[in-house]
Amino acid sequence: MPLSEQEQRLLDEMERHLMQNDADVVSAHPGDRALSYRNLIYGAVLLLAGIGGLIVGVVVGGVGGIIVGVIAFAAMLGGLMLAFTPVHRGGGRGPGSSTKTKEPSPSFMDRMNDRWDRRHEDH
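Reading guide: rules and limits
Residues numbered from 1 in each chain as written. Predicted model: local features only at pLDDT ≥ 70, side-chain atom pairs only at ≥ 80, totals over all residues. Heavy atoms only, no water. Helix = DSSP H or I, 4+ residues; strand = E, 2+ residues; numbered from the N terminus. Buried < 20%, exposed > 50% of the residue type's maximum accessible area, 1.4 Å probe, protein only. Contact = heavy atoms within 4.5 Å. Patch = residues over 30% accessible without salt bridge, like charges linked within 9 Å, V, L, I, M, F, W, Y side chains within 5 Å. Areas by Shrake-Rupley, 256 points an atom, 1.4 Å probe, with all protein chains shown as cover. Salt bridge = Lys/Arg side-chain N within 4 Å of Asp/Glu carboxyl O. Lys, Arg positive; Asp, Glu negative; His and termini not counted. Charge placed at Lys NZ, Arg CZ, Asp CG, Glu CD. pLDDT = per-residue confidence, 0-100. Axes fitted to C-alpha atoms, helices over the stretch in contact; angles between N-to-C directions. Parallel < 35°, antiparallel > 145°, perpendicular 65-115°, else oblique. Left-handed = near helix turned anticlockwise from the far one by under 90°. Nonpolar A, V, L, I, M, F, W, Y, C, P; charged D, E, K, R; others polar.

Thoughts on the overall build of the protein
Then step 1. Scanning the protein from terminus to terminus reveals five helices and two strands.
Then step 2. Ordered by position in the sequence, the α and β elements of the protein form the string α-α-β-α-α-β-α.
Then step 3. Sorting the 123 residues of the protein into buried and exposed places 10% on the buried side.
Then step 4. Within the protein, contacts between residues separated by at least 24 positions form 75% of all contacts whose residues are at least 6 apart in sequence.

Have a look at this one:
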């Protein structure tokens, strides 16, 4: 079912408004930053070590237990930050990287627009 003329105009107006006011969102490249599996593993190990440290701090008790607990909490916090901090994916600057320039894959919205166009071409 195609859009009515009023719906199409409203959609075009919303798109123009988005392009004018939110240019930084539209021009952002989501593929430039991603989570690193290595950092996820190291962060999870640090988080588990922090939980273990908290348990040890409770068992030890006293001033020493508090110190161990604070250090363990800092380790847990550091593990979470390490695990979920995105790393910058540079384009072919690392060792062993290919010199070929890979064409970027289309974004989700580009794929949806292509599907929409194909659907309306068939009807």
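We are not done yet, so read on.
Description of a positive patch on the surface
Then step 1. Judged by side-chain charge, Arg-111, Arg-115, Arg-118 and Arg-119 come together as a positively charged surface patch.
Then step 2. With respect to the helices and strands, Arg-119 occurs in helix α5 (residues 108-122).

Here's the deal with the confidence of the model for the protein
Then step 1. On average, residues of the protein score 79 in pLDDT, and 76% of them are at 70 or above.
Then step 2. Per-element confidence in the protein is highest for helix α3 (residues 37-60), whose mean pLDDT is 93, and lowest for helix α2 (residues 23-27), whose mean pLDDT is 56.

Digging into a negative patch on the surface
Then step 1. Negative charge collects at one region of the surface, where Asp-110, Asp-114, Asp-117, Glu-121 and Asp-122 lie side by side.
Then step 2. Within the element layout of this structure, Glu-121 appears in helix α5.
Then step 3. Judged by its relative accessible area of 63%, Glu-121 falls in the exposed class.

Some remarks on a nonpolar patch on the surface
Then step 1. A surface patch of nonpolar side chains, about 460 Å² in accessible area, is lined by Leu-3, Leu-10, Leu-11, Met-14 and Trp-116.
Then step 2. Of all the elements, helix α1 (residues 5-21) adds the most residues to the nonpolar patch, at three residues.
Then step 3. Along the chain, Trp-116 turns up in helix α5.
Then step 4. What makes Trp-116 partly exposed here is its relative accessible area of 35%.

Quick notes on the packing of α3 against helix α4 (residues 62-84)
Then step 1. In contact at an axis separation of 7 Å, α3 and α4 are set at 165° when each is read in the N-to-C sense. By the angle class used here, α3 and α4 are roughly antiparallel. The crossing of α3 and α4 is left-handed.
Then step 2. Of the residues in the contact of α3 with α4, the class split is 17 nonpolar, eleven polar and no charged.

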